[in-house]
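# A look at the structure
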Amino acid sequence: QVQLVESGGGLVQPGESLRLSCAASGYIWSRYGAGWYRQAPGKEREFVAGITSGGRPNYADSVKGRFTISRDNPRNTVDLQMNSLQPEDTAVYYCSVLLAGITYWGQGTQVTVSV
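If you're wondering where the values come from, they're calculated on a predicted model, not measured in any experiment. (Residues numbered from 1 in each chain as written. Predicted model: local features only at pLDDT ≥ 70, side-chain atom pairs only at ≥ 80, totals over all residues. Heavy atoms only, no water.)

### Let's talk about the overall build of the protein chain
- For the protein chain, the count of helices and strands is zero helices and eleven strands.
- Reading the protein chain from its N terminus to its C terminus gives the helix and strand order β-β-β-β-β-β-β-β-β-β-β.
- What you see for the protein chain is a C-alpha radius of gyration of 13 Å, in line with the 13 Å of a compact globule of 115 residues.
- Along the longest, intermediate and shortest principal axes, the C-alpha atoms of the protein chain span 40 × 25 × 20 Å.
- Considering the protein chain as a whole, with its 115 residues, one finds that 40% of them fall into the buried category.
- Partitioning the contacts of the protein chain with sequence separation of at least 6, the portion at a separation of at least 24 is 53%.
- Split by element, the accessible area of the protein chain, about 6100 Å² in all, is 48% carbon and sulfur.
- Taking the 10 positively charged and 9 negatively charged side chains of the protein chain as two groups, their mean positions are separated by 7 Å. (Helix = DSSP H or I, 4+ residues; strand = E, 2+ residues; numbered from the N terminus. Rg over C-alpha atoms; globule rule 2.2 N^0.38 Å. Buried < 20%, exposed > 50% of the residue type's maximum accessible area, 1.4 Å probe, protein only. Contact = heavy atoms within 4.5 Å. Areas by Shrake-Rupley, 256 points an atom, 1.4 Å probe, with all protein chains shown as cover. Lys, Arg positive; Asp, Glu negative; His and termini not counted. Charge placed at Lys NZ, Arg CZ, Asp CG, Glu CD.)

What follows is the structure, given as structure tokens:
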């Protein structure tokens, strides 16, 4: 059974940083890529960052230069380091993997950026 569990969300002020982590289980982690998505109130879920099984990252334009995605294969985790956070980054952040044509999601973690 595939499970994705996010952690690390919270309330921060503009310009501050947060680090999200996603712990995966139930499949061979190192063979697959993973990604982070987010959904703000009243908006559709959008891609934030992804990383291939080989560790190659890619980012949405809105977070390039501020966010860094990384993976730790021995620990079966994928992290998202978020720097210079802005109010528009406020959303629920979800970890996601695509396995055999099925997209799996974690339960999400809330990130709120506010003065």
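So much for the structure itself; the text now carries on.
### A word on the environment of Tyr-37
- Among the secondary structure elements, Tyr-37 is positioned in strand 4 (residues 34-39).
- Residue classification places Tyr-37 among the partly exposed positions, given a relative accessible area of 26%.
- With residues up to four places along the chain from it excluded, the contact list for Tyr-37 reads Arg-45, Glu-46, Phe-47, Val-48, Val-92, Tyr-93, Tyr-94, Ser-96 and Trp-105.

### A closer look at unusual backbone geometry
- In the Ramachandran plot, Asn-76 falls in the positive-phi region, its phi being about 55° despite a non-glycine side chain.
- Relative to the helices and strands, Asn-76 is located in the loop between strand 7 (67-72) and strand 8 (77-82).
- The backbone of Ser-84 shows a phi angle near 50°, a positive value even though the residue is not glycine.
- Summarising the element assignment, Ser-84 is placed in the loop between strand 8 and strand 9 (91-99).
- For Ser-84, a relative accessible area of 34% translates into the label partly exposed.

### Some details on the pattern of salt bridges
- Going through the model one piece at a time under the given rule, you end up with six salt bridges.
- Note that Lys-64 is salt-bridged to Asp-61, the shortest N-O span being 3.2 Å.
- Between Asp-72 and Arg-75 there is a salt bridge, and its shortest N-O distance comes to 3.6 Å.
- The exposure class assigned to Asp-72 is partly exposed, which follows from its relative accessible area of 27%.
- Take Arg-75: its relative accessible area is 51%, and that puts it in the exposed class. (Salt bridge = Lys/Arg side-chain N within 4 Å of Asp/Glu carboxyl O.)

### Here's the deal with the sheet that holds strand 7
- One open sheet accounts for four strands, arranged 1-3-8-7; its pairing is antiparallel. Each edge of the open sheet is held by one strand with a lone partner, namely strand 1 (3-7) and strand 7. Each adjacent strand pair in this sheet contributes to an overall mean axis angle of 15°, direction not counted.
- Across six bridges, the pairing between strand 7 and strand 8 is antiparallel. Note on strand 8: the bridge partner recorded for Ile-69 is Leu-80. (Pairing = 2+ DSSP bridges. Axes fitted to C-alpha atoms, helices over the stretch in contact; angles between N-to-C directions.)

Worth remembering: the numbers are spatial, not functional.
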